[in-house]
Amino acid sequence: TSVEHALGLVATMARHLASAQQASWRLEEETYGQWLDEALRRLPPTEYQVLHLRQVEGRGTEEIAAITGITPRSVATLLSRARKRLLEQIRKGKRL
């Protein structure tokens, strides 16, 4: 019937719309990921290393200090600086 046909068309359109929305979200995530990668690369090397060890590898302050050869207090300071730099870039809406 024409009602069934119309419902089929609506369902098809809804699937296409959902697919397009998902593609848009993936593109947005990819763009953000690229921006974040670039922002991380711009950090001073030691800040990047300390942030990577903490956030990606999940290492603790003492372990990071032993790996990098700096004091635990310096680890905390560098983590704070790195996070602050990234937050400032986000707040500025800076696209790298």
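Since this is a predicted model, take the numbers as computed values, not measurements.

**Quick look at the overall build of the protein**
The number of helices and strands found in the protein is four helices and zero strands. What you see in the protein, going N to C, is helices and strands ordered as α-α-α-α. By residue count, 16% of the 96 residues in the protein fall in the buried class. When contacts within the protein are restricted to residue pairs at least 6 apart in sequence, long-range pairs at least 24 apart make up 57% of them. In the structure as shown, the protein presents an accessible area of about 7300 Å², 56% of it carried by carbon and sulfur atoms.

**Concerning the pattern of salt bridges**
Taken as a whole and assessed by the stated rule, the structure comprises five salt bridges. In this structure, Arg-41 and Glu-38 form a salt bridge, with 3.3 Å as the shortest nitrogen-oxygen distance. Residue Arg-41 and its partner Glu-38 are located together in helix H1 (residues 2–41), separated by three residues, close to a single helical turn. When its relative accessible area of 59% is taken as the criterion, Arg-41 is described as exposed. A relative accessible area of 25% places Glu-38 in the partly exposed class. For the salt bridge of Glu-38 with Arg-42, the shortest nitrogen-to-oxygen distance reads 3.5 Å.

**Regarding the side chain of Glu-47**
Following the sequence through the fold, Glu-47 ends up in helix H2 (residues 45–55). The class of Glu-47 is buried, set by a relative accessible area of 3%. At 2.7 Å, the side chain of Glu-47 and the side chain of Arg-85 are in polar contact. With residues near it in sequence (within four places) discarded, Glu-47 still touches Leu-78, Arg-81, Ala-82 and Arg-85.

**Focus on the nonpolar core**
Within the largest apolar cluster, 12 residues are counted, these being Ala-39, Leu-43, Val-50, Leu-51, Leu-53, Ile-64, Ala-65, Val-75, Leu-78, Leu-79, Ala-82 and Leu-86. Of the residues forming this core, the biggest block, five residues, is contributed by helix H4 (residues 72–92). With residues near it in sequence (within four places) discarded, Ile-64 still touches Val-50, Leu-53, Arg-54, Arg-59 and Val-75.

Conventions we followed
Residues numbered from 1 in each chain as written. Predicted model: local features only at pLDDT ≥ 70, side-chain atom pairs only at ≥ 80, totals over all residues. Heavy atoms only, no water. Helix = DSSP H or I, 4+ residues; strand = E, 2+ residues; numbered from the N terminus. Buried < 20%, exposed > 50% of the residue type's maximum accessible area, 1.4 Å probe, protein only. Contact = heavy atoms within 4.5 Å. Areas by Shrake-Rupley, 256 points an atom, 1.4 Å probe, with all protein chains shown as cover. Salt bridge = Lys/Arg side-chain N within 4 Å of Asp/Glu carboxyl O. Polar contact = N/O pair within 3.5 Å; in protein donor to acceptor, adjacent residues only side chain to side chain. Core = buried A, V, L, I, M, F, W, Y, C linked by side-chain atoms within 4.5 Å.

Distances and angles like these do not, on their own, reveal function.
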